[in-house]
Amino acid sequence: MVAVKITDLTKKFDKLTAVDNVNLDIESGELFGLLGPNGAGKTTLISMLCTILKPTSGTAQVWNHDIIREQDMVRKSIGIVFQDQSLDDNLTGRENLQFHGRLYKVPKNVMNERMKELMELMELADRADDLVKTYSGGMRRRLEIARGLLHHPKVLFLDEPTLGLDPQTRRHIWEYIEKLNQNEGITMLLTTHYMDEADYLCDRIAIIDYGKIVALGNPSSLKESLGGDVISLASSSKDEKLREGLLKIENVTAVDFVEDAIRLTASKGETVIPEALNVVREHGVEVKSVSLHAPTLEDVFIKFTGRRLRDEAEGKKGQLKRRIGHRRRLHH
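Here goes a summary of the coordinates provided. (Residues numbered from 1 in each chain as written. Predicted model: local features only at pLDDT ≥ 70, side-chain atom pairs only at ≥ 80, totals over all residues. Heavy atoms only, no water.)

## Comments concerning the pattern of salt bridges
Inference 1: Using the criterion set out here, one finds 16 salt bridges in the structure.
Inference 2: A salt bridge links R75 to D72; its shortest N-O distance comes to 3.8 Å. With a gap of three residues between them, R75 and D72 both fall in helix 2 (residues 71-77), about one helical turn apart.
Inference 3: A salt bridge links R243 to E240, with the nearest nitrogen and oxygen atoms 2.9 Å apart. Pair noted here: R243 and E240 are both in helix 9 (residues 240-247), with a separation of three residues, about one helical turn.
Inference 4: For E240, a relative accessible area of 43% puts it in the partly exposed group.
Inference 5: Here the salt bridges do not stand alone but share partners, grouping R114, E117 and E184 into one network. (Salt bridge = Lys/Arg side-chain N within 4 Å of Asp/Glu carboxyl O. Helix = DSSP H or I, 4+ residues; strand = E, 2+ residues; numbered from the N terminus. Buried < 20%, exposed > 50% of the residue type's maximum accessible area, 1.4 Å probe, protein only.)

Shown next, in the form of structure tokens:
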């Protein structure tokens, strides 16, 4: 069964196209990842699927309910973990869940049993009656996931669920998400700009950039599509004659200039490096360092976009400006 069906979905804010004619099917029980930098359209796409935003054109069905004509049925079918925290700090963990349960009109006996089950699963049972203001960032995230599952949704949307958490806490959240997907068979749509997160968790991944899906597949097939090892030569050269020379090397299948590196894709990469360095020297280009690695999702992203994730290049200031601009667009 198709849990989420997206057809020609588009969202524009004035002259900006945030989501650009997206078509996508997500199967029931699938843990699906939407991978891309901040500002790529991930949150806007989820907001339309959750009926928070109205599409400019196109449509989608969530659990066979149309996001435009059957908004109430869509909302009853989904759970949401927002990118920004939405818990009440002055309530306890239990009270936050109870408030959510009442909003969804969950019968009291069902709600109490479900709360106990989820608090134990999220390892929050011993803190259920503590104020949320005393929770760590990881505990708050776990409580938000529990809240999103309280009313037994068919589809759970997780928008950047580990944003701002330290690496160890992120890994723990991954384990909880994986366990929930396996134990409850719930369909999950996860947005992230962390490559390792998408690689670890997701059955399939769509890479989205500038509102368009540029690649789709499972993590292994996406990495295998590069067709070999990745050699990175630290250099700012963009010499097309150098590219032509590198492409003549046996086993080299692709050469790209990406920011401050020349990247080669090649089978038997370790045998290619000496000849590649000779070619580079012949063209009078300085190389500061050389690295060789098996393909990663970062390499897949570079293949389809021609650059690394913009977050890494922009730094925190650029990320903040992008988020503020996005929120302003949402409010208009």
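## Observations concerning the side chain of S232
Inference 1: Of note, S232 is situated in strand 11 (residues 229-234).
Inference 2: When neighbours within four sequence positions are excluded, S232 is seen to be in contact with A261, I262, R263, S289, V290 and S291. (Contact = heavy atoms within 4.5 Å.)

## Let's talk about the layout of surface pockets
Vacant regions in the atomic arrangement are exposed by a probe of water-molecule size rolled over the atoms.
Inference 1: Considering only enclosed or pocket space, the second largest pocket measures out at about 280 Å³ in volume.
Inference 2: Around the second largest pocket, the lining comprises 18 residues; the ones closest to its centre are F82, H100, L103, Y104 and R147.
Inference 3: If you list the elements that add at least two residues to the lining of the second largest pocket, you get strand 6 (78-81), helix 3 (93-103) and helix 5 (137-149).
Inference 4: Of all the elements, helix 3 adds the most residues to the lining of the second largest pocket, at four residues.
Inference 5: Of the residues contributing to the lining of the second largest pocket, the split by class is nine nonpolar, six polar and three charged. (1 Å grid on protein atoms, 1.4 Å probe; cavity = no way out; pocket = protein on both sides within 12 Å on 5 of 7 lines; lining within 4 Å. Points joined across faces, edges and corners; volume = space filled by probe spheres on them. Nonpolar A, V, L, I, M, F, W, Y, C, P; charged D, E, K, R; others polar.)

## Description of helix 3
Inference 1: Listed as buried for helix 3 are G93, N96, L97, Q98, H100 and G101.
Inference 2: Among the structural elements, helix 4 (108-121) and helix 5 are those in contact with the buried residues of helix 3.
Inference 3: One or two steps after helix 3, the chain reaches K105, where phi turns positive at roughly 55 degrees.

## Details of the packing of helix 3 against helix 4
The angle between the axes and the distance between the axes are what describe a pair of packed helices.
Inference 1: Interaxial distance between helix 3 and helix 4 falls to 11 Å at its minimum, and their mutual angle equals 135 degrees. Here helix 3 is positioned oblique relative to helix 4, judged by the angle of their axes. Handedness of the crossing formed by helix 3 with helix 4: right-handed. Here helix 3 contributes G93, R94, L97, Q98, G101 and R102 to the contact with helix 4, which in turn contributes M111, M115 and M119.
Inference 2: For the contact of helix 3 with helix 4, the residue count by class is four nonpolar, three polar and two charged. (Axes fitted to C-alpha atoms, helices over the stretch in contact; angles between N-to-C directions. Parallel < 35°, antiparallel > 145°, perpendicular 65-115°, else oblique. Left-handed = near helix turned anticlockwise from the far one by under 90°.)

Limitation: the analysis is restricted to geometry and does not speak to function.
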